[in-house]
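Architecture and fold: a report
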Amino acid sequence: MPISGNQDLDEPTTARHPRFPALLLGLPVLLFALITWQVVADGPLVRLDERVSRGLVHPDGLSEFLSDLGNVQVAVPVLAAVLGYVALRTRRTDRWWLPVTAAALLMALVPALIIPLKELTDRPGTPAVPPATGYYPSGHTATAAVAYGCATLLLLPRLRTLYARRALVTACLVLVLGASYGLVRRGYHWPLDVVASWCLCAVLLSSLWLLLRRPAPPEQPR
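Residues numbered from 1 in each chain as written. Predicted model: local features only at pLDDT ≥ 70, side-chain atom pairs only at ≥ 80, totals over all residues. Heavy atoms only, no water.

With respect to helix 9 (residues 162-186)
- Compared with an ideal rise of 1.5 Å per residue, which puts 25 residues at 36 Å, helix 9 spans 36 Å between its outermost C-alpha atoms and is within 8% of the ideal.
- Those residues of helix 9 that sit buried are Leu-168, Cys-172, Val-176, Gly-178, Ala-179, Ser-180, Gly-182, Leu-183, Val-184 and Arg-186.
- In the core, the buried residues of helix 9 are packed alongside helix 4 (44-56), helix 5 (61-67), helix 8 (139-155) and helix 10 (191-213).
- In the stretch just after helix 9, Gly-187 is the one whose phi turns positive, near 95 degrees. (Helix = DSSP H or I, 4+ residues; strand = E, 2+ residues; numbered from the N terminus. Expected span 1.5 Å × (residues − 1). Buried < 20%, exposed > 50% of the residue type's maximum accessible area, 1.4 Å probe, protein only. Contact = heavy atoms within 4.5 Å.)

Okay, structure coming up:
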């Protein structure tokens, strides 16, 4: 049956372009797999990573402050406050609990993913930290990205103006990139530790974004 022009315009973007979700999720997965393989095999990308780190590490008060943006004690309360606000504002709507629950589950999924990966790769830390292993991928980066990213995705539909939405997204990027920069600059992590966490969080946040974009099911006649 042919599809009319109006029907085509009403379809969501992901329905008209079925490859888009695959690219959105697949590219970060492939990049993460490549980085992890290089870390485990001690490949040339790791040696380049170490050279870049030597040029970037310069512990100071600013880098310490920025790295703290990825602390659980800082990032998770921000997300918790947003979850409470969104739940309160949407409690009278259908399936109001779904976005809030999904974001909370993503935050809980971070340690469930990061800790086994740290044990599997067993990567040593930079010369700026005491000798230890288990630095790959960066848990602080993942905490910051998922906490601030989920908060942003939940708040965006509540904002009415384009300026406010852009300001919110910019603030999220500043927080995540600031924490990432602080972790590398302070020497708490190699750059690839941070990039790998970006890849993981891109998959998690993209999944939440796709879930939030799904249209609500039609009401059943009574």
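Now that the structure has been shown, we can carry on.
Description of unusual backbone geometry
- For the bond running from Tyr-136 to Pro-137, omega is -10 degrees, close enough to zero to count as cis.
- Its identity is not glycine, yet Asp-42 carries a phi of approximately 55 degrees, on the positive side.
- Asp-42 sits in the partly exposed class, given a relative accessible area of 44%.
- One non-glycine residue, Asp-122, lies in positive phi territory at about 55 degrees.
- As for its placement among the helices and strands, Asp-122 is situated in the loop between helix 7 (97-121) and helix 8.

Considering the nonpolar core
- The biggest cluster of nonpolar side chains holds 44 residues, and the ones touching the most others in it are Phe-32, Leu-79, Val-146, Tyr-148, Cys-150 and Leu-208.
- No other element matches helix 8, which puts 11 residues into this core. (Core = buried A, V, L, I, M, F, W, Y, C linked by side-chain atoms within 4.5 Å.)

Some points on the confidence of the model for the chain
- Looking at the chain as a whole, the pLDDT averages 89, with 87% of positions reaching at least 70.
- Here residues 1-15 is a poorly scored stretch, pLDDT under 50, and it has 10 contacts once near neighbours within four places are set aside; other chains count. (pLDDT = per-residue confidence, 0-100.)

What about the environment of Trp-96?
- Take Trp-96: it is sitting in the loop between helix 6 (72-90) and helix 7.
- Distance from Trp-96 to Val-86, taken between C-alpha atoms, is 8.6 Å for residues 10 residues apart in sequence.
- Ignoring anything within four residues of it in the chain, the contact list for Trp-96 reads Ala-87, Thr-90 and Arg-91.

Some remarks on the side chain of Gln-38
- Structurally, Gln-38 can be placed in helix 3 (residues 19-41).
- Relative accessible area serves as the criterion here: at 6%, Gln-38 is assigned to the buried category.
- Those residues within four positions of Gln-38 in sequence are excluded, and the remaining contacts are Gly-43, Pro-44, Leu-45 and Val-46.

Concerning the pattern of salt bridges
- Considering all chains together, one arrives at 3 salt bridges under this definition.
- For Arg-186, the salt bridge goes to Glu-64, with nearest N and O atoms at 2.8 Å. Remark: Glu-64 occurs in helix 5 and Arg-186 occurs in helix 9; sequence separation between them is 122 residues.
- Residue Asp-193 is joined to Arg-123 by a salt bridge in which the shortest nitrogen-to-oxygen separation is 2.9 Å. Pair noted here: Asp-193 is in helix 10 and Arg-123 is in the loop between helix 7 and helix 8, with a separation of 70 residues, a long-range link.
- Salt bridges sharing partners connect three or more residues here, namely Asp-49, Arg-123 and Asp-193. (Salt bridge = Lys/Arg side-chain N within 4 Å of Asp/Glu carboxyl O.)

Considerations on the state of the cysteines
- Counted by the stated rule, this structure contains 0 disulfides.
- Not part of a disulfide, Cys-150 finds its nearest cysteine sulfur in Cys-201, a span of 8.9 Å.
- Judged by relative accessible area, which is 3%, Cys-201 ranks as buried. (Disulfide = S-S within 2.5 Å.)

Quick look at the side chain of Thr-121
- One can find Thr-121 in helix 7.
- According to the relative accessible area criterion, Thr-121 is buried, its value standing at 10%.
- A distance of 2.8 Å separates a polar atom in the side chain of Thr-121 from the backbone oxygen of Leu-117.
- A polar atom in the side chain of Thr-121 sits 3.1 Å from the backbone oxygen of Tyr-136.
- For Thr-121, the contacting residues outside a window of four places in its chain are Thr-36, Val-39, Val-40 and Tyr-136. (Polar contact = N/O pair within 3.5 Å; in protein donor to acceptor, adjacent residues only side chain to side chain.)

Considering the packing of aromatic side chains
- For the structure on display, the rule yields 1 aromatic pair.
- Geometrically, the ring pair formed by Phe-32 and Tyr-136 is stacked, given 6.2 Å between the ring centres and 15 degrees between the ring planes. Linking Phe-32 in helix 3 with Tyr-136 in the loop between helix 7 and helix 8, this pair joins segments that are 104 residues apart in sequence. Taken as a pair, Phe-32 and Tyr-136 share a single burial class, namely buried. (Phe/Tyr/Trp six-rings, centres within 6.5 Å; stacked < 30°, edge-to-face > 60°.)

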